[in-house]
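Listed below, chain by chain, are the residues.
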Amino acid sequence: MTDEQLIQKFEEYYGEGEAPRLFFAPGRVNLIGEHIDYNGGCVFPAALCIGISAVVRANNTSAIEMRSLNAAEILSIDLNNPIVSCGNEWTNYPKGVIVHLQKEGFALQGCQVLFYRNLPEGAGLSSSAALEVLTAQMLLSIANASMKKSHIAVLCQRVENQFINVSCGIMDQFAVAMGKKNNALLLNCENLNYQYFPIDLGEFSLVIMNTNKKRTLATSKYNERKSECDAAIAELKKHIPLTNLCEATLAQVEMYLHDPLLIKRARHAVTENARVHAAAKALVAKDLVQFAALLSSSHQSLKNDYEVSGIELDCIVEESLKTDGCIGARMTGAGFGGCAIAIVESAKVALFKEKVLNNYYHKIKITPSFYESKIGEGVHEKKIYVPH
Ligand code: GLA
């Protein structure tokens, strides 16, 4: 769907009137640094060019109406009334953002909104963070208010933690808000310091592969991992002055933790954080072979120590690694289904996809999807083209 078609749809739903505005927030792919954002580690995500668009028109009332071309439920609220979450509907994300913007004291404006998502949902590419950050940026803009994008990210993380009840870290919201075209973002999740790294993969390409296995149990297992890490850091702090789990050394983990499960979880956090720094270095040195090898070790750690992979993700990663031209692969995002990434020689990508598709289908009986998205910009307003 083009932007022009989306605006046309908006006018079909809401009628013609004052010119609407158009906003876009991307999904994100995490190159490496998985499940360590809530452990104070460093992560290395990048914004995509696929994401969610929103057409919006202020209506000078206190009524907000939001629709999506991807779902049936309509959000219809009055800004003067209390807002409550409801089931698993997509509308909970914008509702949560409204609640938290109001808590910050922003006087929001009534409006009509139409969303359209060309990013798969529940696939580990942050469609929920995109929806949150997009809603916040759009509602602030039409209320003539502003907030630093990094603060929008923090507010949206609060929405997930307090309104949606997922104890997620800051990575997704930060990448969606702060992403930069052709760059990955090395983010220190303890202090939110960040640095952009141009992504130049030389003769290689980044292939995103969707197992098309919807993430089941993701929320409960996610919160469970977070509690296990909280237990591990609490135990370590009894012996050494640490700020977060990623700061520990492997020797400390082995010396002070006794529960084998907590040792595995902590070992993932510590080794994954080290892999992120090594991967950023390898990228700068244009050592793609080393970079890709780190991605593959990250997968092993997520599979064996952190236990957030699954048969579908393991299968697509194994099939990728067996296929000619692939030098590294791993699951990306929260896990338990969703997407994986592979670094593949550009000249061999077409054949790679064909082989992985066939071999994965043969074993799992689900057809995987592949995405070509480039690395794009974080949330932004788009100019609307008006034909003369
Ligand atoms: C989800 C969360 C992030 C992060 C990843 C795993 O995407 O929203 O905060 O923890 O999982 O790295």
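Residues numbered from 1 in each chain as written. Predicted model: local features only at pLDDT ≥ 70, side-chain atom pairs only at ≥ 80, totals over all residues. Heavy atoms only, no water.

### Looking at the site of the ligand
Contacts to the ligand come from R28, E34, H35, D37, Y38, C168, G169, M171, D172, Y222, G333 and A334. Within the contact set of the ligand, an oxygen atom lies 3.2 Å away from a side-chain nitrogen or oxygen of R28. The side chain of D37 places a nitrogen or oxygen atom 2.5 Å from an oxygen atom of the ligand. Within the complex, the protein chains bury 93% of what would otherwise be the 310 Å² of accessible surface of the ligand. Partitioning the shell around the ligand into residue classes produces five nonpolar, three polar and four charged. (Near = heavy atom within 4 Å. Polar contact = N/O pair within 3.5 Å; in protein donor to acceptor, adjacent residues only side chain to side chain. Areas by Shrake-Rupley, 256 points an atom, 1.4 Å probe, with all protein chains shown as cover. Nonpolar A, V, L, I, M, F, W, Y, C, P; charged D, E, K, R; others polar.)

### What about the state of the cysteines?
For the structure shown, the criterion picks out zero disulfides. C86 forms no disulfide, and the closest cysteine sulfur to it belongs to C111, at a distance of 19 Å. For C168, which is in no disulfide, the shortest distance to another cysteine sulfur is to C156 and amounts to 10 Å. (Disulfide = S-S within 2.5 Å.)

### Notes on unusual backbone geometry
A positive phi angle is found at K286, which is not glycine, with a value near 55 degrees. Its place among the elements puts K286 in the loop between α8 (260-284) and α9 (288-304). A residue is classified by how much of its surface remains accessible, and K286, at 54% relative accessible area, is exposed. One non-glycine residue with positive phi stands out, namely E307, at about 50 degrees. Tracing the chain through its elements places E307 in the loop between α9 and α10 (311-322). (Helix = DSSP H or I, 4+ residues; strand = E, 2+ residues; numbered from the N terminus. Buried < 20%, exposed > 50% of the residue type's maximum accessible area, 1.4 Å probe, protein only.)

### Points about the packing of helix α3 (residues 127-142) against helix α4 (residues 149-164)
One can describe the packing of α3 onto α4 by two numbers: an axis separation of 9 Å at closest approach and a directional angle of 125 degrees. By the angle between their directions, the pair α3 and α4 is classed as oblique. α3 and α4 meet at a crossing whose hand is right-handed. Taking contact as the criterion, the partners of S128, E132, V133, A136, Q137 and L140 in α3 are, on α4, K149, I152, C156 and E160. (Axes fitted to C-alpha atoms, helices over the stretch in contact; angles between N-to-C directions. Parallel < 35°, antiparallel > 145°, perpendicular 65-115°, else oblique. Left-handed = near helix turned anticlockwise from the far one by under 90°. Contact = heavy atoms within 4.5 Å.)

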